[in-house]
Amino acid sequence: MTKSIKSECRYPDSSVLYRRLKRSFPLIVRGEGCWLYDDTGRRYLDACSGALVCNLGHGVSEIAKAMGEQAGRIAYVNGTAFTNEPVEALAAELAGLCPKGLNKTLFMCNGGDAVEAALKISIQYWVESGKPLKRKIIALNPGYHGNTLLAMSASARPHYRAMFKDWLVDVRTIPAPYAYRCACRGEKKDCPACGAGALEEVIRREGPDTVAAFIAEPVGGSSTGASVPGNDYFRNVRSICDRYGVLFIADEVMVGAGRTGTWSALEPCGVAPDFLLFGKGITGGYAPLSAMVASERIVDVLARGSGAPLHNQTFSQHPVSCAAGLAALRYLKTHALIERCARMGRLLHESLQKLLEHPHVGDVRGRGLFAGVEFVKDKSTRTPFPRRLRLAETFTEAAQAAGLVVWPNTGQANGTDGDLVMIGPPFVITEDEISEIVRLFRIALETTIETIK
Ligand code: PLP
């Protein structure tokens with residue numbers, strides 16, 4: 001590094017290509033539990049675990065030690081030629097945590113990789129099953145599955161897609177089960193969006209012989225702000241997929257690995273998908289790792305056919321990342337952190353409900369340590385603020401200035417307008433820290449309303 005590092009880093013003073021080119025970034029030098037510290041000693045309460053990643057909290061030396069030991073023994077082997085101890089052990093642990101039959105895992109680096117792998121292997125499965133016409137994908141709107149082009153094709157987020165529209169493949173969408181924004185307000189059992197009838201309609205319209213897979217987040221991620229579907233939703237999805245021979249891909253990149261109080265967010269529904277995807281929290285952020293857990297029934301077809309899944313990457317099955325995943329999983333178990341997530345999640349939701357007293361907090365929802373707070377201009381009509389006010393972004397900046405880190409999202413009301421923030425602290429959060437989240441949230445909200453007036 002040629003220049004000395006400044007506590008506030010920004011473009012163009014640094015050689016880093018930042019994610020935002022019009023603001024400065026505090027330089028974080030260490031973390032502990034739910035707190036981040038910058039180089040001036042200022043601290044921030046990490047209420048969204050980075051990007052819903054740091055489930056175990058910051059600064060867990062056991063994970064760092066496991067990674068260091070593995071790197072010292074063997075850091076990399078090519079997955080085409082060899083296997084390694086951590087990948088074998090982690091895959092076996094995951095098989096023990098996933099529904100029966102879901103026991104073949106391909107490890108990659110990012111959530112988007114896992115999404116792409118599951119979509120491509122779905123197509124490969126149908127080709128090798130003698131049904132090459134089954135190629136269409138169905139996804140939820142709004143929904144998000146990643147930034148690479150196939151994952152973005154499956155993501156109904158108009159503002160991310162607009163510039164690349166002509167490069168994206170055609171993915172059919174159905175309305176997401178998003179009760180707060182649904183005309184039925186989540187109250188009608190026969191609502192096609194909230195009850196999954198829309199999935200059956202689109203499969204029949206497209207022709208079941210042409211549909212390969214349906215991909216969905218079992219609890220809505222940031223694009224619907226932790227919207228939790230009714231208990232029957234995914235049971236209906238499973239039976240519709242079975243009836244029409246459509247594979248079901250559960251994208252738990254954000255909501256899996258314990259975040260909603262169970263290892264898999266689908267667990268309370270009692271149904272098994274054909275692919276279960278993990279990312280973000282699977283190592284607690286100590287190494288980049290994602291996992292596509294596939295059903296043996298699907299992999300068997302490839303084993304009898306071509307003999308190889310058509311999705312490989314240099315860093316798949318990476319020993320050091322898998323060692324981080326294994327250590328993270330064991331840490332979660334030893335410290336009963338998923339149980340803690342469920343318990344502290346109830347407290348978090350009770351505390352966040354108090355924000356509903358504010359005239360511009362329209363809804364607070366979620367499960368476990370996973371919550372979305374949606375802002376509206378008018379509570380009775382659920383009218384969003386106009387996008388030009390950039391409320392979610394203004395709020396996030398005000399929160400950071402107050403020492404609270406949250407994750408913003410926009411556009412969920414109508415594709416353009418809509419403001420929400422996600423709250424998802426590390427599972428080690430304490431009662432006092434939850435009270436501090438709410439206190440700082442209120443301060444940031446008052447500042448935001450003053451700023452946009
Ligand atoms: N799927 C879901 C549900 C996500 O929330 C995300 C990222 O936020 C992804 C996939 C993509 O993950 P990554 O950014 O690691 O590629």
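Data block above holds the structure.
Parameters at a glance
- Every chain is numbered independently, its residues counted from 1 as its sequence is written.
- Selection of residues for local features in this predicted model requires a pLDDT of at least 70, selection of side-chain atom pairs for listing and counting requires 80 or more, and totals for whole chains, interfaces and linings are taken over all residues.
- Excluding hydrogens and water, the side-chain values take into account all heavy atoms of the structure.
- Between Lys or Arg on one side and Asp or Glu on the other, a salt bridge is scored when a side-chain nitrogen of the former is within 4 Å of a carboxyl oxygen of the latter.
- Throughout, exposure labels follow a simple rule: accessible area from a 1.4 Å probe, protein chains only, divided by the maximum for the residue type, with under 20% read as buried, over 50% as exposed, and the rest as partly exposed.
- Runs of E in the DSSP output that reach at least two residues are strands. Runs of H or I that reach at least four are helices, and both are numbered from the N terminus.
- Definition of a polar contact: a pair of N or O atoms within 3.5 Å, with one able to donate and the other able to accept a hydrogen when the atoms are protein atoms, and with sequence-neighbouring residues admitted only if both atoms are side-chain atoms.
- Note on contacts: a residue pair qualifies if any of its non-hydrogen atoms lie within 4.5 Å across the two residues.
- Any two strands are treated as partners once DSSP identifies two or more bridges connecting them.
- Every axis in this analysis is a line fitted to C-alpha atoms, fitted for helices over the stretch in contact. Angles between the N-to-C directions lie between 0 and 180 degrees.
- Here, nonpolar core refers to any group of buried Ala, Val, Leu, Ile, Met, Phe, Trp, Tyr and Cys residues whose side-chain atoms link them within 4.5 Å.
- Domain boundaries shown here were taken from an automatic or database domain assignment.
- Whether a residue is near a molecule or strand depends on its heavy atoms: if one lies within 4 Å, it is near.
- Note on areas: Shrake-Rupley, 1.4 Å probe, and residue coverage restricted to the protein chains presented here.
- Each residue after the first adds 1.5 Å to the expected span of a helix.
- Stacked, tilted and edge-to-face pairs are distinguished by plane angle, under 30 degrees for stacked and over 60 for edge-to-face with tilted covering the rest, among Phe, Tyr and Trp rings (Trp via its six-membered ring) whose centres lie within 6.5 Å.

Participant: I'm lost on the pattern of salt bridges in this one. Help?
Facilitator: Oppositely charged side chains can form a pair if their charged atoms are brought close together. A full pass over the atoms with the stated rule returns 21 salt bridges. The residue Asp232 makes a salt bridge to Arg235 at a minimum N-O spacing of 2.9 Å. Residue Asp232 is classed as partly exposed on the basis of its relative accessible area, which comes to 36%. The closest approach of N and O atoms between Arg297 and Asp274, which form a salt bridge, is 2.8 Å.

Participant: What is the right way to read the side chain of Glu374 from this model?
Facilitator: Looking at the element boundaries, Glu374 is found in strand β14 (residues 371-375). Here Tyr178 takes part through its side chain, which lies 2.8 Å from a polar atom of the side chain of Glu374. Among all residues touching Glu374, those that are not within four sequence positions of it are Tyr178, Tyr180, Arg181, His360, Val361, Gly362, Asp363, Arg365, Gln412, Asp419 and Leu420.

Participant: Help me understand the sheet that holds strand β11 (residues 275-278), please; the structure alone is not making it clear to me.
Facilitator: By way of backbone hydrogen bonds, the strands of a sheet pair with one another, either parallel or antiparallel. An order of β6-β12-β11-β10-β9-β7-β8 is seen for the 7 strands of this open sheet, with the pairing classed as mixed. Two strands close off the open sheet at either side, each with one partner strand: β6 (102-108) and β8 (172-175). Strand after strand, the sheet turns through a mean of 20° between neighbouring axes, direction not considered. As judged from the 4 bridges shared by strand β9 (residues 211-216) and strand β10 (residues 247-251), these two strands associate in the parallel manner. Bridged to Ile215 within β10 is Ile249.

Participant: Even after reading the chapter, I still don't get the side chain of Glu206, so can you show me in this structure?
Facilitator: Among the structural elements, Glu206 can be located in helix α8 (residues 197-206). There is a polar contact of 3.1 Å between the side chain of Glu206 and the side chain of Arg172. Leaving out residues up to four positions away in the same chain, Glu206 has contacts with Lys136, Arg172 and Val211.

Participant: What is the right way to look at the nonpolar core in this model?
Facilitator: Where a protein is soluble and globular, its nonpolar side chains tend to be buried together. Of all hydrophobic cores here, the largest spans 94 residues; its most connected members are Leu199, Phe214, Ile423 and Phe441. Domain assignment of the residues forming this core places at least three in each of domain 1 (8-59 + 336-452) and domain 2 (62-334). Aside from chain neighbours lying at most four places away, what touches Leu199 is Ile138, Ile174, Phe214, Val237, Ile240 and Cys241. Core analysis: the next-biggest nonpolar cluster, separate from the first, contains 29 residues, Leu119, Ala213, Ile215 and Phe275 among them.

Participant: I keep staring at the site of the ligand and nothing clicks. Help me out?
Facilitator: The full set of residues close to the ligand is Asn110, Gly111, Gly112, Tyr144, His145, Gly146, Glu217, Asp251, Val253, Met254 and Lys280. Interatomic distance of 2.7 Å between a backbone N/O atom of Gly112 and an oxygen atom of the ligand. In this structure, a nitrogen atom belonging to the ligand sits 2.7 Å away from a side-chain N or O atom of Asp251. Protein burial of the ligand: of its 390 Å² of free accessible surface, 84% is covered by the chains.

Participant: Explain helix α14 (residues 431-452) here, please?
Facilitator: Counting along an α-helix, one turn takes 3.6 residues, and residues three or four places apart therefore face a common direction. Taking 1.5 Å of rise per residue, 22 residues should cover 32 Å, and α14 covers 32 Å from first to last C-alpha, within 8% of that figure. Along α14, the residues that are buried comprise Glu433, Ile434, Ile437, Val438, Leu440, Phe441, Ala444, Leu445, Thr448, Ile449 and Ile452.

Participant: In this structure, what is going on with the packing of aromatic side chains? I would like to understand it.
Facilitator: In this description, an aromatic ring pair is defined by two values, namely the gap between the centres and the angle between the planes. Counting across every chain of the model gives 12 aromatic pairs. When the ring of Tyr76 is compared with that of Phe315, the centres are 5.9 Å apart and the planes differ by 80°; the resulting orientation is edge-to-face. A residue pair is termed long-range when its members are at least 10 positions apart, and Tyr76 in the loop between α2 (61-73) and α3 (85-97) and Phe315 in the loop between α10 (296-304) and α11 (319-334) qualify at 239 residues. Among the residues examined, Tyr76 registers a relative accessible area of 32% and is labelled partly exposed.

Participant: Sorry, what's going on with the sheet that holds strand β3 (residues 28-32) here?
Facilitator: Strand order across the open sheet formed by 4 strands is β3-β4-β5-β15, with mixed pairing between neighbours. At either margin of the open sheet sits one strand with a lone partner, and together these are β3 and β15 (404-405). Looking at chain direction, strand β4 (residues 35-38) and strand β5 (residues 43-46) are connected through 3 bridges and run antiparallel. Paired with Leu36 across the strands is Tyr44, a residue of β5.

Participant: Any chance you could explain the environment of Cys241 here in plain terms?
Facilitator: Within the secondary structure layout, Cys241 lies in helix α9 (residues 233-244). Under the relative-accessibility criterion, Cys241 is labelled buried at 1%. Separated by 209 residues in the primary sequence, Cys241 and Glu450 place their C-alpha atoms 49 Å from one another. Not counting residues within four places of it along the chain, the set of residues in contact with Cys241 comprises Leu199, Phe214, Val246, Leu247 and Phe248.

No statement about biological role is implied by the geometric values presented.
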